[in-house]
Amino acid sequence: MYRNNGDGTFTECALEAGIEALGLIKAVHSGDYNNDGWPDLYISSRGQGNHLYRNDGPQSLDKSLKGKWKFTDVTKVLGVGEPTFSFPAWFFDYDNDGWLDIFVSGYGVKNVGSVAADYLGLPHGAERPRLYHNNGNGTFTDVTKSAGLYRVLLAMSANFGDLDNDGYLDMFLGTGAPDLTTLVPNRMMRNDGGKRFQDVTTSGGFGNVQKGHGIAFGDLDNDGDQDIYMSIGGAYEGDVYYNALYENPGHGNGWLKLKLVGVKSNRAAIGARIKVTVDEPTSERNICKTVNSGGSFGASPLRQEIGLGQARSIRNVEIWWPTSGIRQNFTDLRANQCYTIREGDTNAVVTVLKKFTFTSQPVAHKHH
């Protein structure tokens, strides 16, 4: 862990800060799971168990004592150390309750037969993912089974985004292994109202039978819905295949884009929390996002692209900034618009994004 000294140099301080994770580390992700203002760390490891480190903040108010920071390993206490063989992991608020949950995908199989056996309901002994629901009181509950994710996914890369602009975060998993005998379909899991995940791999046409190696969600053509780009292959010379770009055809739901610019907080606004309150036909609801680049083995744009579902109007947008603690509220934002918001400013500035159209003509590939 390298602490920025603020003078162009860094100081390595992992052990001093309490970070003692040893192993074949596959993912490191930060997120403020207890909403105390300090970003915590989740570390995924292949074979040695995972770690959740709670950030307890600086141990002294004296700013001259650089590096005097403390993290506490709360993995066992909170029961979030599985699966033992894992790969991608992240914090995200999949049910829009304002508290960051944890997803970590398993990456332990005997061979491709383990994936087939899981499809058929046969025993296999392979590692499954975990979805840990944040209870909002400093604890987590393993909801993998009830959420429909207790299956062999074998994800090397993964990321999350809003596939259909319904305001709930979905996930796309790039599966497979460097061993070319383990080529299995990549998997798209749709978030059904923050309660469970549906496998829409086949219906959405996402089941590319090649090893997914990096995934990003982002509105590449500026038409209001998130497209998906996936890097494929890359471990061996023979492990080559064309990367995939999935254009989103749209699903009729509204959206809001926010480009946040930090002033006292970091300029990229990483760690800022957003809560959008919308009026739906029968009730109001909150849609919550935290600014980050998404999951591990893939990075999405920091400009936030938030689905609004069937909302008739936006009642309020609240932004909380991580360093200053400033809370901004905007009641005059409209759906299907992009805004730039600076930390501390009272007005949001409409940002016009130029749209374009991808070619709809099929292209012949040489190696398919």
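Keep in mind that this is a model prediction, so the values were computed, not measured. (Residues numbered from 1 in each chain as written. Predicted model: local features only at pLDDT ≥ 70, side-chain atom pairs only at ≥ 80, totals over all residues. Heavy atoms only, no water.)

> Looking at this structure, I do not really get the overall build of the protein chain. What am I missing?
When helices and strands are tallied, the protein chain shows four helices and 25 strands. Taken over the C-alpha trace, the protein chain has a radius of gyration of 21 Å; the compact-globule value for 368 residues is 21 Å, and the two agree within 12%. The dimensions of the protein chain, computed from C-alpha atoms along their principal axes, are 55 × 50 × 40 Å. Expressed as a percentage of contacts within the protein chain between residues at least 6 apart in sequence, the contacts between residues at least 24 apart total 55%. For the protein chain, the exposed area adds up to about 17,400 Å²; of that, 52% sits on carbon and sulfur atoms. The distance from the centre of the 36 positive side-chain charges to the centre of the 41 negative ones in the protein chain is 1 Å. (Helix = DSSP H or I, 4+ residues; strand = E, 2+ residues; numbered from the N terminus. Rg over C-alpha atoms; globule rule 2.2 N^0.38 Å. Contact = heavy atoms within 4.5 Å. Areas by Shrake-Rupley, 256 points an atom, 1.4 Å probe, with all protein chains shown as cover. Lys, Arg positive; Asp, Glu negative; His and termini not counted. Charge placed at Lys NZ, Arg CZ, Asp CG, Glu CD.)

> What exactly am I supposed to notice about the sheet that holds strand β19 (residues 273-279) here?
To summarise the sheet geometry, strands pair through backbone hydrogen bonds and adopt either a parallel or an antiparallel arrangement. Across the sheet, four strands lie side by side as β20-β19-β22-β23; this open sheet has antiparallel pairing. Strands with a single pairing partner mark the edges of an open sheet, and in this sheet they are β20 (284-290) and β23 (327-330). Ignoring strand direction, the axes of neighbouring strands in this sheet form an average angle of 15 degrees. Pairing analysis gives seven bridges linking β19 to strand β22 (residues 313-320), with the strands arranged antiparallel. Each residue of the ladder has a partner; that of Val-278, found in β22, is Ile-314. (Pairing = 2+ DSSP bridges. Axes fitted to C-alpha atoms, helices over the stretch in contact; angles between N-to-C directions.)

> For this particular structure, what's the right way to read the environment of Ile-341?
Take Ile-341: it is sitting in strand β24 (residues 337-342). When the C-alpha atoms of Ile-341 and His-133 are compared, they prove to be 31 Å apart, with 208 residues separating the residues in sequence. With residues up to four places along the chain from it excluded, the contact list for Ile-341 reads Leu-258, Lys-259, Leu-260, Val-261, Ile-319, Trp-321, Gln-328, Phe-330 and Ala-348.

> Quick question: what am I supposed to make of the pairing of strand β15 (residues 212-218) here?
A regular strand carries its side chains on alternate faces of the sheet. Counting buried residues in β15 gives six out of seven residues, a clear majority hidden from the surface. Bridge count between β15 and strand β16 (residues 227-232): six bridges; the pairing is antiparallel. Each residue of the ladder has a partner; that of Gly-212, found in β16, is Ile-232. (Buried < 20%, exposed > 50% of the residue type's maximum accessible area, 1.4 Å probe, protein only.)

> Looking at this model, I keep getting lost on the pattern of salt bridges. Mind explaining?
It is possible for side chains of opposite charge to pair when their charged atoms get near one another. Using the criterion set out here, one finds 19 salt bridges in the structure. Two residues, Arg-187 and Asp-199, come together in a salt bridge whose shortest N-O distance is 3.1 Å. Here Asp-199 lies in strand β14 (residues 196-199) and Arg-187 lies in strand β13 (residues 187-192), a separation of twelve residues in the sequence. On the basis of relative accessibility, which here comes to 4%, the residue Arg-187 falls in the buried class. Of the charged contacts, one joins Glu-284 and Arg-315 as a salt bridge, the two residues approaching to 2.3 Å between their closest N and O atoms. Of this pair, Glu-284 sits in strand β20 while Arg-315 sits in strand β22, and the two are 31 residues apart along the sequence. Relative accessible area serves as the criterion here: at 41%, Glu-284 is assigned to the partly exposed category. Residues participating in the shared-partner salt-bridge network are Asp-164, Asp-166, Arg-190, Asp-192 and Arg-196. (Salt bridge = Lys/Arg side-chain N within 4 Å of Asp/Glu carboxyl O.)

> Would you mind showing me how to read the pairing of β23 here?
Residues Gln-328 and Phe-330 line the buried face of β23, whereas the alternating positions Arg-327 and Asn-329 sit on a face that is not buried. Between β22 and β23, which pair antiparallel in sequence order, lie six residues; one of them, Gly-325, sits at a positive phi of approximately 75 degrees.

> What is the right way to look at a nonpolar patch on the surface in this model?
A grouping of Tyr-119, Leu-120 and Leu-122 is seen on the molecular surface, where their side chains present a nonpolar patch of about 360 Å² in accessible area. For Tyr-119, the location among the structural elements is in helix α3 (residues 112-120). (Patch = residues over 30% accessible without salt bridge, like charges linked within 9 Å, V, L, I, M, F, W, Y side chains within 5 Å.)

> I would appreciate a short explanation of the sheet that holds β16 in the present structure.
Spatial ordering of the open sheet is given by β15-β16-β17, a layout of three strands whose pairing is antiparallel. Each end of this open sheet is capped by a strand with a single partner; those strands are β15 and β17 (244-246). Strand after strand, the sheet turns through a mean of 15 degrees between neighbouring axes, direction not considered. Note: β16 against β17, three bridges, orientation antiparallel. Among the inter-strand pairings, Met-230 is bridged to a residue of β17, identified as Ala-244.

> Explanation requested: the nonpolar core in the structure shown.
Taken as a class, soluble globular proteins show a tendency for nonpolar side chains to be buried jointly. Core analysis: the biggest nonpolar cluster contains 20 residues, and Leu-258, Leu-260, Ile-274, Val-276 and Val-317 have the highest contact counts within it. Of all the secondary-structure elements, those providing two or more residues to this core are β18 (254-261), β19, β21 (304-309), β22 and β24. Once residues within four sequence positions are removed from consideration, Val-276 is found in contact with Leu-256, Arg-285, Asn-286, Ile-287, Ile-306, Leu-308, Ile-314, Asn-316 and Val-317. One finds Leu-131, Ala-158, Phe-160 and Met-171 within the second-largest nonpolar core, a separate group that totals 17 residues. (Core = buried A, V, L, I, M, F, W, Y, C linked by side-chain atoms within 4.5 Å.)

> Looking at this structure, I do not really get α3. What am I missing?
Along an α-helix, a turn takes 3.6 residues, which lines up residues three or four apart on a common side. Of all the residues in α3, the buried ones are Ser-114, Val-115, Ala-117 and Asp-118. Viewed end-on, α3 has its buried residues packed into an arc of 160 degrees, placing them on one side of the element. Exposed and facing more than 90 degrees away from the buried side of α3 are Tyr-119 and Leu-120. Measuring from the backbone nitrogen of Gly-113 back to the side-chain oxygen at the start of α3 gives 2.8 Å, which picks out Asn-111 as the cap. (Arc of directions from axis to C-beta. Polar contact = N/O pair within 3.5 Å; in protein donor to acceptor, adjacent residues only side chain to side chain.)

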